[in-house]
Amino acid sequence: MEIDSHQEKIPFSVRHVVAPMIDQSELPFRLLCRRYGADVCYTPMLHSDRMDDETYRKENFTTCTEDRPLVVQLCGNDPQILLKAAKMVESHCDAIDINLGCPQTIAKKGNFGAFLMDDFERVKTIVETLSSNLSVPLFCKIRVFPSHTKTIDFAMMLENAGCRLLCVHGRTKELKKPVYRDGRHAHADWDLIRKIKSKLKIPVISNGSIQYFEDIQRCLDSTGADGIMSAVSILSNPGFFSGKIPDPFNLSFEYLEICRVYPAPLPWIRVHLWKILQEYLSVWIDLRDRLYDNTKSIDDIEAVIKDVQIAVQAGRSKTTKHAVPLRQVQEDLEEILDSTNFFVST
């Protein structure tokens, strides 16, 4: 599918998009999602002011020929530093994205993400600088303001400054999680996304409140968006965009095989398997402890997953007196949640 973007065209589908997720939208996971219907994937957020560090770059940005179309997401607040970082990766991707949506503490401290949105002029300069000096399109990912008018004005400014695709997370930065304190679901503002789409000529991606496959078409019909972005749902089911629920053990083993070809840090791998097999690992404490405390290699991890599968086949009860999240699992997930906004991208 080719989408008109002013007089330019984006020569790839943006209907099904895998969100940028710190330590979780890494190369092996992206390749797995692509096998099940993902049209385009974002890298984890990369810090523009650290891209000069070769070690940081090699550890956090990996790709391969099968990993396309690919969008590299950068964060920062200095136009020239962002441009320099983008230049380092533009030949290895299909677009560069500026993170204007992260609501986490790390973004507030660094003055980037959603906390940069109040500085219209700085953001305009960043977008103008990058869009006029890159060989690939510039995308932006934003949150919304409480004011519809202010959000629409911001979106139109981004388009006029050179943004060629806008992803809108339909919640404010104050809503870090998709629920209010009283437990009610904080639904993404699809009506505001519809208004933004009606005002722009560039493609718009809707992000937020996509829990089930059926929600995709419902969102597209409600917003008129060109596609949707998923994080939470696709973490639990990397086959989400296929419209099916593949066997979680097959997904787990398939992911591990990809990791053998394209290695990823073991903590990232463990969290992926925790999300995919949470139905079982959330209650079988002994197997979960083995996964987190006694695995030093992919072979070790695979052995644990096979034992979980055997337990399921043997009809082991999923009840326990100790169904409390493992401390290490909590720490891993909290570290990720504090670094990115994937949790609120349902």
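Residues numbered from 1 in each chain as written. Predicted model: local features only at pLDDT ≥ 70, side-chain atom pairs only at ≥ 80, totals over all residues. Heavy atoms only, no water.

### Focus: the nonpolar core
To be explicit about the condition: Working definition of a nonpolar core: buried Ala, Val, Leu, Ile, Met, Phe, Trp, Tyr and Cys residues. They are joined through side-chain atoms within 4.5 Å. Buried, partly exposed and exposed residues are distinguished by accessible area as a fraction of the type maximum, computed with a 1.4 Å probe on protein chains only: under 20%, between the cut-offs, and over 50%, respectively. Comment: elements are numbered from the N terminus, with helices defined as DSSP H or I runs of at least four residues and strands as E runs of at least two. Contact definition: two residues touch when any of their heavy atoms are within 4.5 Å.
Of all hydrophobic cores here, the largest spans 110 residues; its most connected members are Ile96, Leu100, Leu130, Phe154, Leu158, Leu166 and Ile269. The leading source of residues in this core is helix H10 (residues 248–261), at seven residues. Once you skip the residues sitting within four places of it in the chain, phenylalanine 154 turns out to touch Leu100, Met117, Phe120, Val123, Ile142 and Phe145. Counting six residues, the second largest nonpolar core, distinct from the first, contains Ile22, Met45, Cys75 and Cys102.

### Focus: empty space enclosed by the protein
As a reminder of what qualifies: Of the grid points, spaced at 1 Å and generated over the protein atoms alone, those admitting a 1.4 Å probe that cannot get out make up cavities, while open sets with protein on both sides within 12 Å along at least five of seven lines make up pockets; any residue with an atom within 4 Å of a point is treated as lining. Grid points are joined across faces, edges and corners, and a volume is the space filled by probe spheres set on the points. Each residue is assigned to one of three groups, with Ala, Val, Leu, Ile, Met, Phe, Trp, Tyr, Cys and Pro labelled nonpolar, Asp, Glu, Lys and Arg labelled charged, and all others, Gly among them, labelled polar.
Tallied over the entire structure, the rule returns one cavity of 30 Å³ or more. Here the largest cavity defines a volume of roughly 40 Å³. Forming the walls of the largest cavity are Phe12, Val14, Val17, Val40, Tyr42, Val71, Phe139, Leu165 and Ile205. Taken together, the residues that form the lining of the largest cavity break down as nine nonpolar, no polar and no charged.

### Considerations on the layout of surface pockets
If you add up the space inside the largest pocket, you get close to 320 Å³. Of all the elements in the fold, those that place two or more residues in the lining of the largest pocket are helix H9 (232–236), H10, helix H11 (266–276) and helix H12 (278–281). Across the lining of the largest pocket, the residue classes tally to ten nonpolar, five polar and three charged.

### Topic: the side chain of asparagine 237
Basically, it comes down to this: For this analysis, a polar contact is any N or O atom pair within 3.5 Å, provided that within protein one partner can donate a hydrogen and the other can accept it, and provided that sequence-adjacent residues contribute only side-chain to side-chain pairs.
Its place among the elements puts asparagine 237 in the loop between H9 and H10. Assessed through its relative accessible area of 12%, asparagine 237 is described here as buried. Among the polar contacts listed, one links the side chain of asparagine 237 to the backbone oxygen of lysine 244, at a separation of 3.2 Å.

### Considerations on helix H14 (residues 298–313)
Put simply, the rule reads: Under the convention used throughout, the expected extent of a helix is 1.5 Å for every residue step, that is, one less than its residue count.
Helix length check: H14 (16 residues) gives 22 Å between terminal C-alpha atoms against 22 Å at 1.5 Å per residue, within 8%. Buried within H14 are the following residues: Ile298, Ile301, Glu302, Val304, Ile305, Val308, Gln309 and Ala311. As for H14, its buried residues are in contact with H10, H11, H12 and helix H13 (285–293).

### Considerations on unusual backbone geometry
Here the bond from arginine 68 into proline 69 is cis, since omega is -5°, no more than 30 degrees from zero. Here proline 69 is to be found in the loop between helix H2 (54–60) and strand E6 (70–75). Phi at aspartate 23 takes a positive value of approximately 65°, unusual for a residue other than glycine. The topology assignment puts aspartate 23 in the loop between strand E3 (16–18) and helix H1 (27–34). The residue serine 209 is not glycine, and still its phi comes out positive at about 65°. The topology assignment puts serine 209 in the loop between strand E10 (204–207) and helix H8 (213–223).

### Some points on the pattern of salt bridges
We count it as follows: Salt bridge, as used here, is a side-chain nitrogen of Lys or Arg placed within 4 Å of a carboxyl oxygen of Asp or Glu.
Under the criterion given, the structure shown has 19 salt bridges. Lysine 58 serves as the salt-bridge partner of glutamate 54, at 2.9 Å between the closest nitrogen and oxygen. Here glutamate 54 and its partner lysine 58 are both found in helix H2, four residues apart, which amounts to about one turn of the helix. In this structure, the salt-bridge partner of arginine 68 is aspartate 94, at a minimum N-O distance of 2.7 Å. Within this pair, whereas arginine 68 is found in the loop between H2 and E6, its partner aspartate 94 is found in the loop between helix H3 (79–89) and strand E7 (95–100), the two being separated by 26 residues in sequence.

### Overview of the pairing of strand E9 (residues 165–169)
Here is the rule we go by: By the convention used here, strands pair only if DSSP detects at least 2 bridges between them. Call a crossover right-handed when, viewed with both strands pointing away from you, the route from the first strand across the helix to the second goes clockwise.
Extensive coverage of E9 is indicated by the burial of five of its five residues. As defined by bridge partners, strand E8 (residues 138–142) adjoins E9 across four bridges and the pair is classed as parallel. Residue pairing for E9: cysteine 140 is matched across the bridge by leucine 166. After leaving E8, the chain enters helix H6 (residues 148–161) and then returns to the sheet as E9, a path that is right-handed. Judged from the four bridges that link them, E9 and E10 form a sheet pairing that is parallel. Across the sheet, the residue bridging to leucine 166 is valine 204, located in E10.

Read these as spatial facts, not as claims about activity.
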